[in-house]
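Structure at a glance
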Amino acid sequence: MDKERKLLIAGNWKMNKTVAEAIDLVDGLVRELANVKEVDIVVCPPFTALHAVSKKVLDTQVRLGAQTMNENGYGAFTGEVNAGMLKEFSVRYVILGHSERRQYYAETNALIAKKALAAHAAALKPIVCVGETLAEREAGKAEAVIGTQVKGSLAGLSAAQMEETVIAYEPVWAIGTGKTATSAQAQEIHLFIRETLVQMFGESVAKKVRILYGGSVKPGNAREIMSQPDVDGALVGGAALEVRSFSDIVKNSI
Ligand code: 13P
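Please read these numbers as outputs of a predicted model, since none were measured by experiment.

**Comments concerning the layout of surface pockets**
Roughly 400 Å³ of internal volume is contained in the largest pocket. If you trace the largest pocket, you find 14 residues lining it, with Lys14, Met15, Gln67, Arg101 and Tyr105 closest to the centre. If one sorts the elements of the lining of the largest pocket by residue count, helix H4 (residues 99–104) sits on top with three residues. Partitioned by chemical class, the residues of the lining of the largest pocket number seven nonpolar, four polar and three charged.

See the structure below:
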């Protein structure tokens, strides 16, 4: 596929995989995807598997991401993990503000913005998630909600930092439900997000930012969604847990 921006396909493993299972999965992905140069490939295991997976992806096409991080430096924050700790395992990306974090752990746009700044301070690339609920979409508020999330979650970033930030549009109603946004619905929101970035950071920055789609991406729908002009990749949940389905998504996008 000929795209303006290099595609990025990331697997969000969520709270899945023992260390042994994570090693099996990453070994399979490295084997299957060894020759893929056209797409940036990222896997985001749980914290407990980062060390083992980091050793497996050394000198391969596969890059490592984390699923969240704390915005503070070292100190008394029981249960948390900061950017410096992630860097020890050669983590390059970190998912921030996933809808599950917003919903279950009360993450706000302001908090996500702090995390994004802390990630950049450690040279980690944030994958900042936004997306509306079904009720918000049905009330005609999708763009208003997403506009607020984009402006709030990216507040304070410099233009240079924004260029190194990835956005993931994940409609909450499409996550784990088997319902995907149509490619037209995805394109409409992705374009809206890019226009919002133009207002915030200017045209040349907005053109460089990759905006991923997430929500029930599977081998069968990946190509259609990623063929949209403003869809620059995918953030994959369930289908990232098996070698076959994740590698097929990557291969089908080329
Ligand atoms: P599913 O692909 O399982 O719908 O999950 C999407 C997601 O939340 C990725 O972050």
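**A look at the sheet that holds strand S1 (residues 7–12)**
On the basis of which strands lie adjacent, the closed barrel formed by eight strands has the order S1-S2-S3-S4-S5-S6-S7-S8 and parallel pairing. In this sheet, neighbouring strand axes are inclined to one another by 25° on average, regardless of whether the strands run parallel or antiparallel. Two elements, strand S5 (residues 125–130) and strand S6 (residues 166–169), share four bridges in a ladder whose sense is parallel. Bridging from a neighbouring strand, Ile127 pairs with Val166 of S6.

**A short note on the pairing of S6**
In the case of a regular strand, side chains alternate between the two sheet surfaces. Side-chain alternation along S6 places Val166 and Ala168 on one buried face and Ile167 and Tyr169 on a second face that is also buried. Two strands pair when backbone bridges link them, and S6 and strand S7 (residues 211–214) are joined in this way by three bridges, in the parallel orientation. Following the sheet pairing, Ala168 is matched in S7 by Leu212.

**Examining the environment of Val166**
Looking at where Val166 falls in the secondary structure, it is placed in strand S6. Given a relative accessible area of 2%, Val166 falls into the buried group. Each C-alpha atom, one on Val166 and one on Lys251, is 21 Å from the other, the two residues being 85 residues apart in sequence. If we ignore the near neighbours within four places in the chain, the residues touching Val166 are Leu8, Tyr93, Pro126, Ile127, Val128, Arg210 and Leu212.

**Some words on the pattern of salt bridges**
Applying the stated criterion across every chain, the model contains 17 salt bridges. Arg137 serves as the salt-bridge partner of Glu132, at 2.6 Å between the closest nitrogen and oxygen. Exposure remark for Glu132: the relative accessible area of 0% places this residue in the buried category. For Asp248, the salt bridge identified is with Arg244, shortest N-O distance 3.0 Å. Here Asp248 pairs with Arg244, and both are found in helix H12 (residues 243–253), just four residues apart, close to one helical turn. The exposure class of Arg244 is partly exposed, given its relative accessible area of 46%. Through salt bridges with shared partners, one network takes in Glu4, Arg5, Arg194, Asp230 and Asp232.

**Observations concerning unusual backbone geometry**
One non-glycine residue with positive phi stands out, namely Lys17, at about 90°. Among the structural elements, Lys17 can be located in the loop between S1 and helix H1 (19–32). Phi at Ala123 is positive, roughly 60°, even though this residue is not glycine. Looking at where Ala123 falls in the secondary structure, it is placed in the loop between helix H5 (109–121) and S5.

The rules behind these values
- Residue numbers restart at each chain and count upward from 1, following the sequence in its written direction.
- Residues qualify for local features only when their pLDDT is at least 70, as the model is predicted, and side-chain atom pairs are given and counted only at 80 or more; totals for whole chains, interfaces and linings, by contrast, use all residues.
- Side-chain descriptors were evaluated using all non-hydrogen atoms of the structure, hydrogens and water having been removed beforehand.
- The definitions used throughout rest on a 1 Å grid laid over the protein atoms alone, on which a cavity is an enclosed set of points accommodating a 1.4 Å probe that cannot get out and a pocket is an open set flanked by protein within 12 Å on both sides along at least five of seven lines; lining residues are those having an atom within 4 Å of a point.
- Grid points are joined across faces, edges and corners, and a volume is the space filled by probe spheres set on the points.
- In this text, helices come from DSSP runs of H or I with a minimum length of four residues, and strands from runs of E with a minimum of two, each type numbered from the N-terminal end.
- Side-chain classes follow a simple rule in which Ala, Val, Leu, Ile, Met, Phe, Trp, Tyr, Cys and Pro form the nonpolar group, Asp, Glu, Lys and Arg form the charged group, and the remainder, Gly included, forms the polar group.
- For two strands to be treated as a pair, DSSP must find no fewer than two bridges joining them.
- Convention adopted: a line fitted to C-alpha atoms gives each axis, helices being fitted over their contacting stretch, and angles between N-to-C directions are expressed from 0 to 180 degrees.
- The cut-offs for exposure are 20% and 50% of the maximum accessible area for each residue type, with area from a 1.4 Å probe on protein chains only; residues under the lower value are buried, those over the upper are exposed, and the others partly exposed.
- Working rule for contacts: check all heavy atoms of both residues, and any pair within 4.5 Å makes them a contact.
- Here, a salt bridge means any side-chain nitrogen of Lys or Arg that lies within 4 Å of a carboxyl oxygen of Asp or Glu.

Don't take any of this as a statement about function, it's just geometry.
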